Structures are given as C-alpha cells and as structure tokens.
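# An overview of the molecular structure
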Amino acid sequence: MTMTAHQETIDQADQPLLRVRNLSKHYGMITGCRDVSFEMRPGEVLGIVGESGSGKTTLLNCLSGRLPPSQGRVEFNASRHGLVDIYDLSEPDRRRMQREDWGFVHQNPRDGLRMRVSGGANVAEPLMNLGRRHYGDMRQASLDWLNRVELDLSRIDDKPRTYSGGMQQRVQIARNLIHAPRLVFMDEPTGGLDVSVQARLLDLMRELVRDLGLAAILVTHDMAVARLMADRLMVMKSGAVVETGLTDQVLDDPQHPYTQLLVSSVLQI
Amino acid sequence: MQQSKHNGQAPSIRVTNLKKQFTLHNQGSIEIPVFESLNLEVAPGECVVFVGDSGIGKSTLMRTIYGNYLASGGCVEVQHDGAYVDITKASPHMVAAVRRRSMGYVSQFLRVIPRISTIDLVIEPLLGNGVDPEEAKSRAVSLLRSLRLPEALWSLPPATFSGGEQQRVNIARSFIREYPVLLLDEPTASLDATNRETVVALIKAALDKGAAMIGIFHDQDVRDAVATRHFDVSSFKMDMESAA
Amino acid sequence: MNAQANDAALTATSNSPERYYTYGYLDEQTKRMIRRAILKAVAIPGYQVPFGSREMPVPYGWGTGGIQLTAAIIGPDDVYKCIDQGADDTTNAVSIRRFFAKVADVATTEDTAEATIIQSRHRIPEHPLKDGQIMVFQVPQPEPLRGLEPREMETRAMHAYEEYGLQYVSLYENVSAFGRIAATAGYPVMVDERYLMSPSPIPKFDNPKLHNSHALMLFGAGREKRIYAIPPHTTVRSLDFEDYPFETQKWEESCALCAADDSYLDEVVLDDQGQRMFVCSDSHYCSDRRAQGFRGPMAGHELVDIDKGAGQ
C-alpha cells in the first residue's frame, strides 16, 4: 500500500460513503427489515450479523439496488453523481453506478459467475463493461488479479465449473475487485467452504480490503468471520437492528439480550 | 516508584465519574456491579499501575477506557490529534481512529489470525497507518530480535506457538508503533526474566518519549520497575444496592 | 408494400387452386401486422421488433421468419430469388422459391442482379446489391447476447441502455482459446453505432457487405418472433478488440470451377482418399463466371456435369 492511497482514505473519512435512513421493506404483511439507519465511511468494513431470517439478506438487497425498499432512503456517494439516493437515479444511471462503483460477492459463486465462460473472461468482464477494448491489457489485468487471489494461472482458461468451491469463490472475488470499486457487498462469502479454505479466503479478503482502502458490507451469521473482517457490527433480529458498535465492543460487551445470546452461542474450540 | 519528567503537561487520559456494570439478560437479567464514581488522570510520561485484588475490575476498567467495554456512565477522554475525544460517546469511526493512531492496547492473549505469519502480524498496525512495508519489516525484525523470538518462527503463523512466544509477538505488535497512550494488560505474564527485562526496557523507553501508560502487572518486579503511580480500583467498588 | 397490386392479382387468378389461400399465403391482417413491424424495424436500425409470428407450412428452423417477411412484402411484379448457403438449387431454396411462385404468382430467378427480393439462409450473394433490392434473412436466434445472458429481461435492458460489454466476453474467450477471434458465422455487429445485432449465421466474410449496403436488409426470426432491419446506407461495424482487429476469412485456393479468388469458398470432399476441392458457395456467381469463360483447375470435373444434368 502506498502512503498517498491511505492519506486519501483518511481525508475522505469525514464524508459518508453510504447513508441509510429509516429503511424498511415489507413483503405484504411480512416485514423484511424495518427502520434501519446507519452511515459508512470509505475504507470501512461493516458486518451485518444475525441468524437466518433476521432480515440480513433483505437489507443487503435493498442497499445494493436490487430490491426497492418500501420506505426510507439509501444514499451513496457515487463517483459520477455525489451523494444521491440510488433509487432516485434513472435505471441506466443506477446500473452504471453499480458497474463502476460497486462489487457484489454472492454466497454461491454460481450466482456471481458466468459458468459458461472461462475464469479469465469472468474476471475481465467488468473491464469490458466499463468500455475497455484492448484484449492484451485486459488479459494482463485478469492474470494479475488471479495471481492476487492465488489461483493457479494455468487454469485461467478453464470453465469455473471445473474449479473447486474455494477457487470459484476466489475468481468471484477477483471479478468483483478488478475494476477498483468503492464499495463491495458480500453475502456470506465464505459460507459454503470448509474451514481451511475459509481461513485462507478471509485472510485474502482482509488483505485486499486494507490494501485497496475498500469499503465493504459483509453479511454473515458467523461471529468469527465478523470479528476477523469487520470494523463495525450491526446486529439484526426480526428485521430490526438491535445493536451496533465497534466489532470488539459488540462481541466482548454485548448489551442487547439477543446479542448476548448470539455471542454466547458461539462454539469454542 | 519512578518519577516522570513530563509532569505538568495536560493529561493524556482523563476519566471522570466512570461507572460500569454488566447486565446478563439471559440469566434473569442479573446486574453485576463493577465500579462507579471513578476519576483518573494520566499525564504524558506517567505509568499508572492498577492495583487491587483479582476480580475487582482492573481489566474491566482498562477495557472500558479502550472502548472495548461500554461505559454505564461517566466519560473517558483521550488525547487525539491535539483534542480530547470522549471514548464513551464518540462515533465508532472516531474510536477506531483513536485506536489506530493514538491509543494502543496490549492484552494478555494474542488474537491469532489464521494463516498470517508472525512478521506480517507484527507490521499490521504500521501498514494500517500507511507506513512503507519495507520499513515496517525492518522495524519488526529488530523488535523481534530484541525480544529473542527465534528467527525460524517469524514466517510461521503464531497459532501453535507457546504462551510466552505468543505474548512476545503481541508485545512486538503493540510497541512497533509509538502510541501516545498505551494500555498494558499483563504483558509480561508468561515471560521469563530476560524477556521481562526487555519489555521493561521497551516500556521505559516509551515513557521517556512521553507516552502515557496504564498497566496491570502481577509481577512485583516489573511493577516496581515501571510504575510512576499506583491506582487502587477497589476504592471505587460499586455496591450491589447502588447497581440496582 | 404492394397492396393494390396484391388485390389485382387476387381477382386475376381467383379461379386457380392456389387461391384457396390469400395472396402470399398469409391473411391480409397478418401481413399488415408484419409490415408495421418492418416499418418500426427500419426506423430503428438493428432493434429487434417483436411480432406475432404465425404457424407456417414448414417447421420452425426451416425459414419461417424469412417466409413471413417475404409474404408480407411481395407483390406480383417482384422477381424472387431464394438461396440456401449461397446455393439456389438446394432442397430448401427450391421449395421456398416454388412456394412463392405458387402463392404470389411471382417470377423467380437465380440471377442476383435481376431479383427484387432475395431470401437467404446464411449468405449474402457475391454480386453487389443495388438500390431497390431487398435481402430477407432467415434468423434462428436474433439475440446476439443470448449465449451469455439467458434472461430476456436483462438482454432487453442491455440493449436499451447500450450496455454491450458482455458481447466482448465471447470475443475474449475466442482470443484466449485460439489466439485470434475465431468466430466465423453470426459475428456480432453494431448497427448505426447504436444497436448490437446478430447478422444471422452468415459467415463473417459477408459482414462488410452489410455496411452501407444499397439494399434493404430484413431479418426475420419465426420461432423467436422478432423482426429487425438494416436500412440502406447504414453504418455496420463488426466488433473487435483494439489489438485484435476484425478480419474476414481468406483462402489460399481460388474456386476450382470458376477460378474466383474473391468469393466465399466451400470445401467439398471428393472421395475417401483425401481429395477435395474448393468451390464458390454462391452457385449463381460461379456459374455466371463460368458462362463468361472463367475456368478453374477442375472446370471439367465429373461432379460439375452431374450438377449440370440435375439443373436441366
């Protein structure tokens, strides 16, 4: 990491990258999430924890422009528009912002990769989507990134279905970082992986997030993953945020009964 | 007891009327009182050592100052970029910034990160502050050498290290940056005499440079070597009645 | 397009058995619907216009889109040519040509220059097209992005917002697998620098003929129910990379029968000893040249005589 990149992160730290206000999503009578408000700064990793059904994924979908909320605002500091409610943008503007400023890492790599094209092309695609038209440059960029996520480079032209789950997930991460996004959404990125692969991937993601000064929203039900990755935690229960704070504070001195239960339920090795 | 040559400067830490109690919601909402009406100031160059029986709340106080535990009342102000930041009320971003640049914390236990080598773990606080990796590495090497951690271990993740080895990694990680405020929670617990002396030397050097420190040391020799003042936490003990 | 002429033709031959069908086989309402779709397609070059594709007397995949287009625009004064892979004399081409001779009372021809409507499966004739001519293409899959993006909603949005990065993924795959853009047919093009379009499975050799063509190009996909068009004199650019520019196929050989070195060649295996020949895929172009006296190295080959015998 260079001095200047980091300096920039610090200078921008006063301006929110994402500002969410009173966000609610109802599915008819059912509440997906309710009255969620928070702010994020550049370079910050926010963990959203809670058990399944607590509204984490609904919230993530609302935040990432995939699911219009029933009420509330999702304001993002977009590189082309400044701080705007993403749902006020026209659809093409929003899609362009998603392409340029965001990444989305799915729990299941099959949801985030094109399984019919090679790993290399999957990684290079975001560059093509941004209008890059030089094959050699894009090839080099995708090689660099596959190297960075520790993928065997001889496999670059193989289809992702021939990769192991951990490899697929690393390709997905490369694909979502190659265009230098400002914010990456991660939905249980290590969910389906065995522990050794999970550890390697977490370590990799920590490193990338720090080196790139990237902001990330990480949805997980795994407290250990949250502790390792997140600067700050948001605990959700029944669609509402019941507790927020610095990760170590929330996990070491939880205040809400639900958080206390959640933390005490973690298995110790 | 040591004398500080930085006396007269504004305190680096100012704790006012601090109160802490735990509420265990899943065990019938019982309240566990710890301390209340606690006041403390620590000036640059001072090393205030917490004393009192075990279980009295020394670690809890230290963690509350660090923002790891949430205060139940009162405030904890820490010098950060020339102004006081109240840790108990500051935004998480602010607390994170204070911790990154102004206030370090050495716990008894090393939080091991899977797959990360010892040396990378040690230089991490520097990288987080934008120091060049090469320079960070050379600082880490001299620190680990002075702590007599075998060079063969440097490239290994410390998960399988002995308690003493892990603790030295932890110390290196905390002293690699010169934090203006440093909280030490039993940093010498499982060290042998030689290494204890090294740590004492590190602490003294930091005090000389004007760091403000709070320490918990069970070891009498270390305590005598570094303490400029004792602070008895038990005198602020909260009664069961006042907690309710 | 020739509505009044159609009416005239209808009454003139109303006693013939073919008149159990409406002129041009399709009923007038259907033809109007298709013409409206054609007008929209011409107005928005390269845009896929949905239309109510009808059941035709041939199965999907045999040219139902092209037949419906032709049926909607043909009139008795048209001269109709139909080719399949460049050849006028293959089963499918012959059947469709006879079909329109019957249901539309049109003159038919094999001569590219003489024809007013040329229906084609997978080729554009070598003879340059001229003003007033209409090419009708039979299209199996109108959506160039479909192979990479299965969701219709998503591909429609991509067209609407001109998000065409994805198409380059297929070119990227080509270069990484073969060291060059190896795609040979159905090579994607940008029409009027706005819409990405599949030119139907014509060889990329024919792509340059789409650019600024004098003829109107109509594309019909019967099964997929889409019509699109390239009006005359429209910019058509084949996609490529900066470092891998678009190239057409080239052959070392020239046509074994007519010696043409500027036409699209088919490779014909002659026996199981490995003998083969290259001949023009455009059968009329080849016979025309031979009539003009051009002779290739295998001009007197027995297969050519068989071919002639069948033609007569």
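Structure: see above.
Thresholds, definitions, all that
- The residue count restarts for each chain, going from 1 along the sequence in the order it is written.
- Going through the entries in the order they are written, you letter the chains from A and number the ligands from 1.
- For a predicted model such as this one, the threshold for reporting local features is a pLDDT of at least 70, and the threshold for listing and counting side-chain atom pairs is 80 or more; totals across whole chains, interfaces and linings nevertheless cover every residue.
- The basis for every side-chain value is the complete set of non-hydrogen atoms in the structure, without hydrogens or water.
- In this description, a nonpolar core means a group of buried Ala, Val, Leu, Ile, Met, Phe, Trp, Tyr and Cys residues linked to one another through side-chain atoms lying within 4.5 Å.
- Buried residues are those whose accessible area, probed at 1.4 Å on protein chains only, stays under 20% of the maximum for their type, while exposed residues exceed 50% and partly exposed ones sit between those limits.
- By the convention used here, residues are in contact when the closest approach between their heavy atoms is within 4.5 Å.
- A helix here means a DSSP run of H or I that spans at least four residues, while a strand means a run of E at least two residues long, and both kinds are numbered starting from the N terminus.
- Candidates for patches are residues over 30% relative accessible area with no salt bridge; among them, like charges are joined within 9 Å and nonpolar side chains (Val, Leu, Ile, Met, Phe, Trp, Tyr) within 5 Å.
- Here the open area of atoms and residues is found with the Shrake-Rupley method and a 1.4 Å probe, where only the protein chains shown may cover a residue.
- Any carboxyl oxygen of Asp or Glu within 4 Å of a side-chain nitrogen of Lys or Arg constitutes a salt bridge here.
- Joining two parts hides part of their accessible area as seen by a 1.4 Å probe, and the buried area is that hidden amount summed over both.
- Polar contacts, as counted here, are pairs of nitrogen or oxygen atoms within 3.5 Å of one another; within protein the pair requires one atom able to donate a hydrogen and one able to accept it, and residues that are adjacent in sequence qualify only if both atoms are side-chain atoms.

Ile173(A), Tyr172(C) and Phe241(C) are the most contacted members of the largest nonpolar core, which totals 65 residues. Those residues in contact with Phe241(C) that lie beyond four places of it in its chain are Arg133(A), Tyr135(A), Met138(A), Tyr168(C), Leu171(C), Tyr172(C), Val175(C) and Ile181(C). Counting 46 residues, the second largest nonpolar core, distinct from the first, contains Leu110(B), Leu143(B), Leu147(B) and Val200(B).

We now examine unusual backbone geometry. In this structure, Ser238(A) takes a positive phi of about 45° despite not being glycine. Within the element layout of this structure, Ser238(A) appears in the loop between strand 9 (232–237) and strand 10 (240–246). For Ser238(A), a relative accessible area of 43% puts it in the partly exposed group. Residue Ala259(C) is not a glycine yet carries a positive backbone phi of 65°. Along the chain, Ala259(C) turns up in the loop between strand 10 (236–238) and strand 11 (265–269). Classification of Ala259(C) by relative accessible area gives partly exposed; the value is 28%.

What follows is about a nonpolar patch on the surface. All names here are of chain A. A cluster of nonpolar side chains, Tyr27, Met29 and Ile30, forms an exposed patch at the surface whose accessible area comes to about 400 Å². When you line up the elements, Tyr27 lands in strand 1 (residues 18–27). The exposure class of Tyr27 is partly exposed, given its relative accessible area of 39%.

Let's shift gears to the interface of chain C and chain A. Taken together, the contact between chain C and chain A spans 20 residues of the former and 23 residues of the latter. Contact between chain C and chain A buries roughly 2000 Å² in total, counting both sides, with carbon and sulfur atoms accounting for 55%. When the area that chain C buries against chain A is broken down by residue, the three leading residues are Tyr161(C), Tyr172(C) and Glu173(C), summing to 31%. Seen at the junction of chain C and chain A, the total is 5 salt bridges.

In this section: the interface of chain B and chain A. Counting residues at the interface gives 27 residues for chain B and 25 residues for chain A. Carbon and sulfur atoms make up 52% of the surface buried where chain B meets chain A, a total of about 2400 Å² over both sides. When residues of chain B are sorted by the area they lose upon contact with chain A, Asn26(B), His93(B) and Arg115(B) head the list and together hold 25% of the total. Where chain B meets chain A, there are 3 salt bridges. Of the charged contacts, one joins Asp248(A) and Arg99(B) as a salt bridge, the two residues approaching to 2.6 Å between their closest N and O atoms. Inspection of the chain B/chain A interface yields 10 residue pairs in polar contact (both at pLDDT 80 or more).

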